Amino acid sequence: MAKTAVSRFRAIVKVIRFCANFCGTDVSDPNYRMWALTYIVITSVIFFFACTLYTVYVGVVLNKDWTIILQAFAVAASAIQGLTKLLCCVANAPAMRQIQGTYEYIYKEYEGRDGEYTKYLHKHINTFWNLMVAFIWVYTSIVTAMICYPLFYFVVYNQKLMVLHFLVPGINHNSDSGHVMLITLHIMCLMFGAFGNFGGDMYLFLFITNVPLLKDIFKVKFQELNELVLQTDKYEEMHNMFWDLLAWHQKYAKILHGTKKIFKTVMFVQLSTACVSILCTISCIFMKVWPTAPAYLMYSFIVMYTFCGLGTIVETTNEHFTNEIYSTLLWYELPVKEQKIVILMLAKSQNELVLTAADVLPLSMATALQLTKGIYSFSMMLLTYL
């Protein structure tokens with residue numbers, strides 16, 4: 001028996017909740033409260049930052065190795081991203097549950113309707129499922145590479161490489177037992193970071209990749225309304241459906257506003273730290289001081305472009321909304337009262353919200369290309385002078 005769209009949606013949410021609960025942030029739980037695991041994760045991130053500063057001190061002051069700053073800051077960027085997602089999700093848990101519940105209600109309500117509705121529901125579930133699987137492979141590959149490479153060198157060549165770039169006071173990383181303790185701690189931090197970042201990413205992706213679904217349902221509703229508009233004896237039905245469309249457009253705007261409010265800080269931190277991480281990682285590659293830097297560089301670029309792509313999805317959907325109102329709806333066949341409301345709806349759709357990085361930069365592929373040009377110029381400068 002084929003799975004329904006709403007059951008597939010709930011299965012996806014279940015996977016996201018499992019990853020988020022790994023870090024004590026299952027905000028989808030109606031009774032969610034910060035508990036022991038949440039505080040342990042926050043304390044661990046703060047401990048990581050303290051150890052990173054200690055590592056920079058040891059590398060720069062004691063060992064005279066300035067490259068440790070680049071290695072430490074590159075990895076610390078991911079920790080900053082994870083902590084920001086955790087705090088923002090916890091602080092906005094009720095709003096996140098509301099948006100998630102709205103989407104689930106939409107899937108449940110329109111699952112029973114035949115034709116175009118069911119097609120669009122499964123289309124957007126497939127889109128998100130493919131994106132989630134792709135990111136599972138990205139996170140799994142990066143974590144595996146960062147863990148296996150140092151372990152391989154330690155077992156085969158007895159060469160002590162670190163998984164992450166932080167030392168712990170009191171642990172002698174030059175001894176075998178101390179090195180094992182240190183990389184065990186590194187692996188634990190890396191696993192918590194991977195699950196936390198993945199869970200936070202998937203909540204945002206779930207909210208944004210379903211935005212075009214609202215536009216598609218809007219389009220089908222317009223087609224149904226057009227059939228009633230041409231039947232002059234069904235004014236009451238047409239009037240009710242017209243106001244349903246108006247409410248649907250307001251629901252779209254409300255979801256966009258709520259998503260932006262929850263994640264605008266996350267998107268700013270994600271974009272800025274990803275750029276810092278990329279620049280530091282490229283420097284490490286040119287100076288050949290971090291063997292697994294290419295894998296981490298690929299991850300940073302994927303994350304940066306994916307987040308910018310989410311903004312482009314919203315921009316494109318906003319444009320499609322405007323086009324649907326103007327070109328699909330038979331507004332010229334409507335009564336004068338409804339035509340005036342259509343004008344207001346059209347004006348609102350032309351000034352719809354877009355995703356931004358804390359109202360500093362628009363989140364779009366154009367922004368990603370501008371950042372890439374800056375990174376490329378920086379890389380050419382390094383290639384010239386190093």
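Residues numbered from 1 in each chain as written. Predicted model: local features only at pLDDT ≥ 70, side-chain atom pairs only at ≥ 80, totals over all residues. Heavy atoms only, no water.

Q: Tell me about helix H4 (residues 93–111), and please be specific about residues and values.
A: Under the 1.5 Å per step criterion, the end-to-end length of H4 is 27 Å for 19 residues, consistent within 8% with the ideal 27 Å. Those residues of H4 that sit buried are Ala93, Met96, Ile99, Gln100, Tyr103, Ile106, Tyr107, Tyr110 and Glu111. Buried residues of H4 fall within an arc of 160° about the axis and therefore sit on the same side. Residues of H4 that are exposed and point more than 90 degrees away from the buried face comprise Pro94, Tyr105 and Lys108. Residues of H4 that are buried in the fold lie against helix H1 (5–21), helix H3 (67–91), helix H5 (116–157), helix H6 (176–209), helix H7 (211–229) and helix H8 (235–287). (Helix = DSSP H or I, 4+ residues; strand = E, 2+ residues; numbered from the N terminus. Expected span 1.5 Å × (residues − 1). Buried < 20%, exposed > 50% of the residue type's maximum accessible area, 1.4 Å probe, protein only. Arc of directions from axis to C-beta. Contact = heavy atoms within 4.5 Å.)

Q: Give a detailed account of unusual backbone geometry, specifying residues and quantitative values.
A: Most peptide bonds take the trans configuration, and most residues that are not glycine carry a negative phi. Not every positive phi belongs to a glycine, and Lys64 is a case in point at roughly 55°. The residue Lys64 is located in the loop between helix H2 (36–62) and H3 in this model.

Q: Hey, could you go over the pattern of salt bridges for me, with residue numbers and the actual values?
A: All chains considered together, the criterion is met by 7 salt bridges. For Glu104, the salt bridge is made with Arg10, and the minimal N-O distance between the two is 2.7 Å. Placement of the pair is Glu104 in helix H4 and Arg10 in helix H1, with a sequence separation of 94 residues. A relative accessible area of 23% places Glu104 in the partly exposed class. The class for Arg10 is partly exposed, based on a relative accessible area of 39%. Linking Lys221 and Asp244 is a salt bridge whose minimum nitrogen-to-oxygen distance equals 2.7 Å. Of this pair, Lys221 sits in helix H7 while Asp244 sits in helix H8, and the two are 23 residues apart along the sequence. Exposure remark for Asp244: the relative accessible area of 33% places this residue in the partly exposed category. (Salt bridge = Lys/Arg side-chain N within 4 Å of Asp/Glu carboxyl O.)

Q: Requested: an account of the packing of aromatic side chains, with residues and values cited.
A: In total, this model carries 26 aromatic pairs according to the counting rule given. With a centroid separation of 6.2 Å and 45° between ring planes, the pair formed by Phe135 and Tyr139 is classed as tilted. Here Phe135 and its partner Tyr139 are both found in helix H5, 4 residues apart, which amounts to about one turn of the helix. You'll find Phe135 and Tyr139 in the same group, each marked buried. Considering the side-chain rings of Phe242 and Trp243, the 6.4 Å spacing of their centres and the 90° angle between planes classify their relative orientation as edge-to-face. Over the ring of Tyr120 we find Lys119; its NZ or CZ atom is 4.8 Å from the centre of that ring. (Phe/Tyr/Trp six-rings, centres within 6.5 Å; stacked < 30°, edge-to-face > 60°. Lys NZ or Arg CZ within 6 Å of the ring centre and 35° of its normal.)

These results come straight from atomic positions and should not be treated as a statement about function.
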